[in-house]
Amino acid sequence: MTLEPEIIAALITRCIQGDQAGFAALYDYFAPMIYRLCYSLLGNQQDAEDVVQESFVYAFKNISRFDSNRASFKTWLYTITLSRCRNMYRRKRFPLVDLGQLFILNLAAPSTETPEAALVEQGLREAVEKAVLSLSPHLREAVILRYGHGLTYREIADVMDCPQKTAESRVRLAHERLRGLLQPSVPGLLDEWVGI
Amino acid sequence: MACEHYSQLITAYIQDELPPMIRQRVTGHLNTCETCYVLYRQELDLVRHLTQTIPLIGTSPQPRLKRVWSVVETELAQPTPRQRFDRFQARYGLAVLLFALMLIVPLTMGNGGVTWAAPPTQPAPQTVTLNQTPTHPAAVGTAVAYYTATEGHVIPDVRPEPDTTAVP
């Protein structure tokens with residue numbers, strides 16, 4: 001389900017007027033993607049839920065300050081969420097260990113046809129997830145916003161509060177790091193995957 | 001040098017974000033350079049896999065979003081009339097306090113309510129020179145002590161005793 005910008009604008013107007021149903025509708029639409037962002041960055045269900053809660057409470061209490069001329073509601077909400085995720089990194093000193101394992105366990109099973117192909121794909125998937133998690137927070141955020149949420153570079157720059165060129169270079173740098181991380185540990189795996 | 005330049009454009013090339021002219025040049029280079037073509041294949045592979053893998057993160061287990069909503073709803077129901085004022089207080093409270101102190105302290109001092117005690121003045125060092133010229137005839141020709149002392153020092157009385165012997 002995708003909400004048109006006009007419908008979102010109407011819901012925001014209803015929220016400003018104090019209509020509880022407007023808040024509920026916005027929450028139902030945005031909460032799953034906000035949760036996914038939090039979980040991707042924090043790697044922990046409890047922390048992700050806490051940040052979702054904090055982000056929505058802040059956004060809804062300050063919804064009258066949202067300016068649609070500056071950014072879309074989604075970008076604004078992502079900005080709030082990312083800021084709270086960063087606070088959570090600082091509070092928790094974000095443990096980078098074991099998160100790869102956590103992600104692997106929580107992923108849906110691959111839907112490949114042959115067991116060999118499934119094995120190869122699962123191995124590569126695990127390697128990519130571990131590599132993404134080992135990136136520095138800025139690079140990980142950029143990659144997750146780009147590939148997990150399909151944001152444009154302009155939107156990534158708005159959410160991360162940096163120039164667009166910086167957002168582009170962070171994604172590019174993340175690619176370089178990921179290639180470097182994947183090749184020594186799993187030589188030839190990328191080539192195998194291409195051939196599937 | 002050319003390969004280094006083109007390798008930086010490969011990500012944007014795959015995501016179709018290059019202007020047509022530059023895109024055409026990259027295509028031409030990839031057709032002729034085996035090293036960059038390998039890099040291009042790896043990059044293509046990486047982008048595909050990231051696009052497939054990252055959206056799956058956080059989709060399982062099911063988040064407890066209903067429970068989160070109930071907390072959000074409760075928080076929203078609580079009135080926050082003093083929120084703006086509290087923020088104002090926190091931000092400017094210290095500045096206002098300092099400003100008030102800057103106003104009050106000089107006024108208090110100038111009103112005679114509080115006066116500074118005058119600092120003690122140290123007298124300038126004074127040199128006292130005692131030149132004791134012997135007057136007694138018996139002392140003529142003998143050694144005479146001259147004392148120089150600053151104020152406060154006790155000058156020993158070394159004046160010679162008067163001669164009681166009869167003078168012929």
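Residues numbered from 1 in each chain as written. Chains lettered and ligands numbered in written order. Predicted model: local features only at pLDDT ≥ 70, side-chain atom pairs only at ≥ 80, totals over all residues.

## Thoughts on the overall build of chain B
- The secondary structure content of chain B amounts to 6 helices and 2 strands.
- In sequence order, the secondary structure elements of chain B are arranged as α-α-α-α-α-α-β-β.
- Residues classed as buried in chain B amount to 12% of the 168 residues present.
- Across chain B, the fraction of contacts at a sequence separation of at least 24, relative to all contacts at a separation of at least 6, is 46%. (Helix = DSSP H or I, 4+ residues; strand = E, 2+ residues; numbered from the N terminus. Buried ≥ 20, exposed ≤ 12 C-beta atoms within 10 Å, placed from the backbone. Contact = placed C-beta atoms within 7 Å.)

## Looking at the overall build of chain A
- Looking only at helices and strands, chain A has 10 helices and 0 strands in total.
- Reading chain A from its N terminus to its C terminus gives the helix and strand order α-α-α-α-α-α-α-α-α-α.
- Long-range pairs, those at least 24 residues apart, make up 64% of the contacts in chain A with a sequence separation of at least 6.

## Here's the deal with the interface of chain A and chain B
- With 37 residues of chain A in contact, the opposing surface of chain B contributes 29 residues.
- Sorting the residues of the side of chain A that touches chain B by element identifies α2 (20-42), α3 (45-61), α5 (99-106), α6 (115-133), α7 (137-148), α9 (164-185) and α10 (189-195) of chain A as the ones contributing at least two each.
- Across the side of chain A that touches chain B, the residue classes break down as 24 nonpolar, 6 polar and 7 charged. (Nonpolar A, V, L, I, M, F, W, Y, C, P; charged D, E, K, R; others polar.)

## A few points about the packing of α2(A) against α3(A)
All names here are of chain A.
- Closest axis-to-axis distance for the α2/α3 pair is 9 Å, and the angle between their directions is 140°. Accordingly, the angle class assigned to the pair α2 and α3 is oblique. Note that α2 runs across α3; the crossing there is right-handed. Between α2 and α3, the contacting residues are F23, Y27, A31, I34, Y35, C38, Y39 and L42 on the first element and Q45, D47, A48, V51, V52, S55, F56 and F60 on the second.
- The residue inventory of the contact of α2 with α3, partitioned by class, reads 13 nonpolar, 2 polar and 1 charged. (Axes fitted to C-alpha atoms, helices over the stretch in contact; angles between N-to-C directions. Parallel < 35°, antiparallel > 145°, perpendicular 65-115°, else oblique. Left-handed = near helix turned anticlockwise from the far one by under 90°.)

## With respect to the nonpolar core
- In terms of nonpolar packing, the biggest core is built from 56 residues, with A:I34, A:C38, A:V52, A:L77, A:A142, A:V143 and A:I156 touching the most fellow members.
- In terms of residue count, the dominant contributor to this core is α2(A) (12 residues).
- When residues of this core are assigned to domains, at least three fall in each of domain 1 (1-94) and domain 2 (96-196) of chain A.
- If we skip the residues at most four places from it in the chain, A:V52 touches A:A31, A:I34, A:Y35, A:C38 and B:V68.
- Counting residues in each nonpolar core, the second largest holds 6 residues, with B:Y6, B:Y13, B:V26 and B:C36 among its members. (Core = buried A, V, L, I, M, F, W, Y, C linked by C-beta atoms within 7 Å. Domains from an automatic or database assignment.)

## Thoughts on the environment of A:S55
Residue and element names in this part refer to chain A.
- Tracing the sequence through the fold places S55 in helix α3.
- Judged by the 26 C-beta atoms lying within 10 Å of it, S55 is buried.
- Along the primary structure S55 and I34 are separated by 21 residues, whereas in three dimensions their C-alpha atoms are 8.8 Å apart.
- Among all residues touching S55, those that are not within four sequence positions of it are I34, L77, I80, T81 and R84.

## Some points on the packing of helix α1 (residues 5-16) of chain A against α2(A)
All names here are of chain A.
- The N-to-C vectors of α1 and α2 enclose an angle of 140°; their axes lie 7 Å apart at closest approach. Between α1 and α2, the angle falls in the class oblique. α2 is crossed by α1, and the crossing has left-handed handedness. Judged by residue contacts, L11, R14 and C15 of α1 engage G22, F23, A25 and L26 from α2.
- Within the contact of α1 with α2, the residues separate by chemical class into 5 nonpolar, 1 polar and 1 charged.

## Things to note about unusual backbone geometry
- Despite not being glycine, A:D161 has its phi angle at roughly 55°, a positive value.
- Tracing the chain through its elements places A:D161 in the loop between α8 (153-160) and α9.
- You can call A:D161 exposed: it has 10 C-beta atoms within 10 Å.
- A positive phi angle, close to 55°, is found at B:D16, a residue other than glycine.
- Structurally, B:D16 is set in the loop between α2 (10-14) and α3 (20-32).

## Concerning the confidence of the model for chain B
- This prediction gives chain B a mean pLDDT of 76; 62% of its residues lie at or above 70.
- Least confident of the elements in chain B is strand β2 (residues 147-150) of chain B, whose mean pLDDT is 57; most confident is α3(B), at 92. (pLDDT = per-residue confidence, 0-100.)

## Some thoughts on the confidence of the model for chain A
- Mean pLDDT over chain A stands at 82; residues scoring 70 or higher make up 82%.
- Considering only residues more than four positions removed or in separate chains, one finds that residues 96-102 of chain A, a stretch of pLDDT under 50, has 8 contacts.

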